[in-house]
Amino acid sequence: MIKTIYSLGHKYMIDENPSIVQAITLPLEKPDDTIKYAVIIDLSLQTKKVQLSLKEIGSSTSTDLLWLGTADGAASPQWYGTVRNIEYLLGQTIPNLLERWDREDSYYRLLKEAHQLFFLDLGATKKSDERYRYVFNPIYIGGTLTEVDGKKAVSEVAKQFQHFVEKEAHVNSKDVLLYSLAIDGKLIVKQPEYERLVISEKLSVFKDAEEGICALTNKKAPVTGETTKLKFNYYINDKISFASDLDKKSFVKNLSISREAYQAIMAGEAYILRDFNTRFSGLPCYIIPEFLYDVPFANTPLQDISERIRRFIRTVKTVETAEFLYRDIEDYKLFEEQMDNYISLHFLFYTKSQASLKINKLISDVPLTYLRALGRGMRNVEDIGRRFFSSGKFNLGLDAIYYLIPMRTQRGENLEKRKILYVYESLLTNKSISYQWLVTQFVQLAKVHMYANYDLYQYKSKKEYNDFQLIDSMIHAQLFLKLLYRLNLIKEGRKMTDISYDLPDAEMAEYMETMNYMTAQRALFLLGYLIARIGAEQVKRSNERSEVLGQARAGKTVSKPILSKINYHGMNKQKVMMLSTEVFEKLRQLKIASLYNESIYAAHKHLLDVALREKWSLSDRESVFYLLSGYAYGTKRILENAKKGKTELDDEE
């Protein structure tokens, strides 16, 4: 992985020719799509006033203001000139810069005068209080200081300063993402000495470096084995037991990196953070491209290649834009074919907690050809959905698939993300996936929607529409299984047997044929379809009662008592047979045992008898899934007919 990131950073440095500090600037994470701002805080020594200027956050803001995050290391003194936390600028930034800045540099005088003029010395009784010793004097913004404790004083002044920003700049402080400090109109981050200090800090790992051979450039140069200044953890270097000869200085024997390579790695990491950071619904992910050989499109700017890769990823994230992108890709077919052969992708799924980065899953070496085949498969099953249903979205991109696997959450954190990562790994690397495991997940998904247990899982659905969610999720689950079979990712074989049966619904017969359902699966699908007809009648009667009482209609599963007959823990063949009898009796009881419904039931009973004679091949959870598949199919058709002004009689005809 480190070689991949080095190569990416090396190409970026050659193509863009930025300064080292510009190359390692970080992206600005916007919490939403609203306009956000950066505020320049200018301390004027001549007028003895604080002047503010507002900049709208754009694609180049982090580079223009050299946003680098926070100083390296836990609890390190903060001295960067551009920050997100305004408390740093109002407290420790200038004092820490004065300790580092070259006293012969002309800007040092400005720092010193600004410190003397605009800051108060609160003193420090303990060493731990040193970072809070100096605080901005709030009289320059019309405020007062009442706190004497250093930490509390900085916090108090920060609140007053934010009110000052809101009043003077006419902006909500929540919309300000960055603050950058200037003195007499000169930004700290624009000073050559500031860049020198940043580089010195980032390359401080070479302080005691000895001559060696760089593992990445294969050149002789001073090398280090310390990677603490890098964003990603490439190997363990904080435990002495992992060092060669159990000596901390011998980490360099594990991996030796020269200064040139180190800078390229930092640039590569920052480029990934800026340009290849994405999300698959609730999962953040870095996409890391690897150039396998000397690419024939070496003269193509890296930004162009990156944009093509990002757009290509979007085709499997959300299929909604796939058709447009597919046409666009066709215009560059030669270029895309070259990319297929010379680029592979690494998917690094991670969780970010404060300054640390926890890697949840690394899916390596994904050829673009896999993604292309995956995109085609997604479009094909989407077409199947559109063919059988006139309304609804049948998007099966990676974003939508995320919601087909129920995962428990707690305080916004996904506790079972390993489940969806297992699915993504299968799709991205062409690795087989367990059919029985998937069916178990789909039955659990149905249970979540059936009982509207949304608070425990990753769903934000409304409880009053849980029946609609149940229907849509089961249809998408069927289509997803179809996708996996088409991609040959499910290895459990299906024993297909030709069997004749009379079904008064050609479209339903075609649907089951398209889904390649076996005899037992068809029997349960038809039983589920009849449950949909019963449920529709129960809802109809419930709505009639609600109208009499002046109550609103609902889309809840509780309006369909027939659904309580399905055991979501699983149903063996005896329970299926009992349910079959109950369904027939319910058709008679509700007076909907029409010729059409009885014909459907007859076909179900015939198929069920054949499946029982052959050898019951379905697991208990499979039985539930195919019952629900038929229920979802039948209810979806009823809802679509209702939108068109049709009734169930139209189906029967």
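Residues numbered from 1 in each chain as written. Predicted model: local features only at pLDDT ≥ 70, side-chain atom pairs only at ≥ 80, totals over all residues. Heavy atoms only, no water.

## Topic: the overall build of the protein
The criterion, for reference: Helix and strand assignments follow DSSP, with helices taken as H or I runs no shorter than four residues and strands as E runs no shorter than two, numbered in order from the N terminus. Here, two residues are considered to be in contact whenever any of their heavy atoms come within 4.5 Å of each other. Only the protein chains shown count as cover for residues, and all accessible areas are computed by the Shrake-Rupley method using a 1.4 Å probe.
Assigned secondary structure in the protein consists of 24 helices and 16 strands. Considering only residue pairs separated by 6 or more positions, the protein has 69% of its internal contacts joining residues 24 or more positions apart. Accessible area of the protein: about 31,300 Å², with a carbon and sulfur share of 47%.

## Side note on the packing of aromatic side chains
Condition: Aromatic rings from Phe, Tyr and Trp, taking only the six-membered ring of Trp, are treated as a pair when their centres fall within 6.5 Å; an angle between ring planes under 30 degrees marks them as stacked, one over 60 as edge-to-face, and anything in between as tilted. Relative accessibility thresholds used throughout: buried, under 20% of the residue-type maximum; exposed, over 50%; partly exposed, between the two (1.4 Å probe, protein chains only). Distance and angle both matter: a charge sits over a ring if NZ of Lys or CZ of Arg is within 6 Å of the ring centre and within 35 degrees of the ring normal.
The tally for this structure, following the rule as stated, stands at 38 aromatic pairs. For the pair Phe136 and Tyr140, a centre-to-centre distance of 6.4 Å together with 55° between the ring planes defines the contact as tilted. On the basis of relative accessible area, Phe136 is assigned to the buried category, the value being 1%. Both rings, one in Phe136 and one in Phe161, keep their centres 5.7 Å apart while their planes meet at 80°; by these two values the pair is edge-to-face. Of this pair, Phe136 sits in strand β5 (residues 134–136) while Phe161 sits in helix α7 (residues 150–169), placing them 25 residues apart in sequence. Both residues of the pair, Phe136 and Phe161, count as buried. Here the aromatic cluster, defined as three or more aromatic residues joined through ring pairs, consists of Phe388, Phe389, Phe394, Phe442, Phe480, Tyr511, Tyr517, Phe525, Tyr529, Phe625, Tyr626 and Tyr633. Stacked on the ring of Phe276, the Lys or Arg Arg310 has its end atom at 5.9 Å from the ring centre.

## What to know about the pattern of salt bridges
The criterion, for reference: Definition used for salt bridges: Asp or Glu carboxyl oxygen within 4 Å of a side-chain nitrogen of Lys or Arg.
Under the counting rule described, the total for this entry stands at 26 salt bridges. A salt bridge links Glu510 to Arg387, with the shortest nitrogen-to-oxygen separation between them at 3.0 Å. One end of the pair, Glu510, is in helix α19 (residues 506–514); the other, Arg387, is in helix α14 (residues 368–388), with 123 residues separating them in the sequence. Lys463 is the salt-bridge partner of Asp455, the closest N and O atoms lying 3.7 Å from each other. Taking the relative accessible area as the measure of exposure, Asp455 reaches 64% and is therefore exposed.

## Here we look at the nonpolar core
How we decide: In this text, buried Ala, Val, Leu, Ile, Met, Phe, Trp, Tyr and Cys residues form a nonpolar core when linked through side-chain atoms within 4.5 Å.
Ranked by internal contacts, the top residues of the largest apolar core, which has 205 residues, are Tyr194, Phe347 and Phe480. The greatest single-element share of this core, amounting to 11 residues, is contributed by helix α20 (residues 519–549). Phe347 has contacts with Phe280, Cys285, Tyr286, Ile287, Ile313, Lys361, Leu362, Ile363, Val366, Leu371 and Leu428, leaving out every residue within four places of it along the chain.

## Focus on the sheet that holds strand β9 (residues 220–224)
Rules: Pairing between strands is defined by DSSP: at least two bridges between them are needed.
The sheet built from 3 strands is open, its strands ordered β8-β9-β10 with antiparallel pairing. Each edge of the open sheet is held by one strand with a lone partner, namely β8 (210–213) and β10 (257–258). Sheet topology note: the β8/β9 ladder contains 4 bridges and is antiparallel. Along β9, the bridge assignment pairs Ile213 with Lys220.

## Let's talk about unusual backbone geometry
Of note in the backbone geometry, Ser281 takes a positive phi value of approximately 55° without being a glycine. Looking at the element boundaries, Ser281 is found in the loop between β11 (277–280) and β12 (283–291). In the Ramachandran plot, Lys591 falls in the positive-phi region, its phi being about 60° despite a non-glycine side chain. Counting through the fold element by element, Lys591 comes out in the loop between α21 (573–589) and α22 (595–614). Judged by its relative accessible area of 75%, Lys591 falls in the exposed class.

## Concerning the environment of Ile24
Tracing the backbone shows Ile24 in the loop between α2 (20–23) and β1 (37–44). Distance from Ile24 to Ala267, taken between C-alpha atoms, is 5.1 Å for residues 243 residues apart in sequence. Once you skip the residues sitting within four places of it in the chain, Ile24 turns out to touch Leu68, Val198, Lys202, Met266, Ala267, Ala270 and Arg274.

## Notes on a nonpolar patch on the surface
Put simply, the rule is: Without a salt bridge and with relative accessible area above 30%, a residue can belong to a patch; like charges are then joined within 9 Å and nonpolar side chains (Val, Leu, Ile, Met, Phe, Trp, Tyr) within 5 Å.
Where nonpolar side chains cluster on the molecular surface, the patch consists of Met1, Ile359 and Leu362 and spans about 220 Å² of accessible area. If you trace the backbone, Leu362 turns up in strand β14 (residues 356–367).

## Focus: helix α18 (residues 466–486)
Note the threshold: Expected helix span is taken as 1.5 Å per residue step, with the number of steps being one fewer than the number of residues.
For α18, spanning 21 residues, the distance from its first C-alpha to its last is 30 Å, which sits close to the expected 30 Å at 1.5 Å a residue. Across the 21 residues that make up α18, a large majority, 16, are buried. Following α18 by one or two positions, Asn488 has its phi on the positive side, about 60°.

## Some remarks on the confidence of the model for the protein
For clarity, the cut-off: A residue's pLDDT is simply how confident the predictor is in it, with values from 0 to 100.
Overall, the prediction assigns the protein a mean pLDDT of 88, with 89% of residues at 70 or greater. pLDDT under 50 marks residues 322–332. Its contacts with residues more than four places away, or in other chains, come to 13 contacts.

## What to know about the pairing of strand β6 (residues 176–183)
On any regular strand, side chains alternate: one points to one face of the sheet, the next to the other face. In terms of burial, β6 is largely enclosed, as 8 of its 8 residues are buried. By the bridge criterion, 7 bridges tie β1 to β6 in an arrangement that is parallel. The residue bridging Tyr37 from the neighbouring strand is Val176, located in β6. As paired strands, strand β3 (residues 82–83) and β6 are joined by 2 bridges and run antiparallel to one another. Across the sheet, residue Val83 finds its bridge partner in β6, namely Tyr179.

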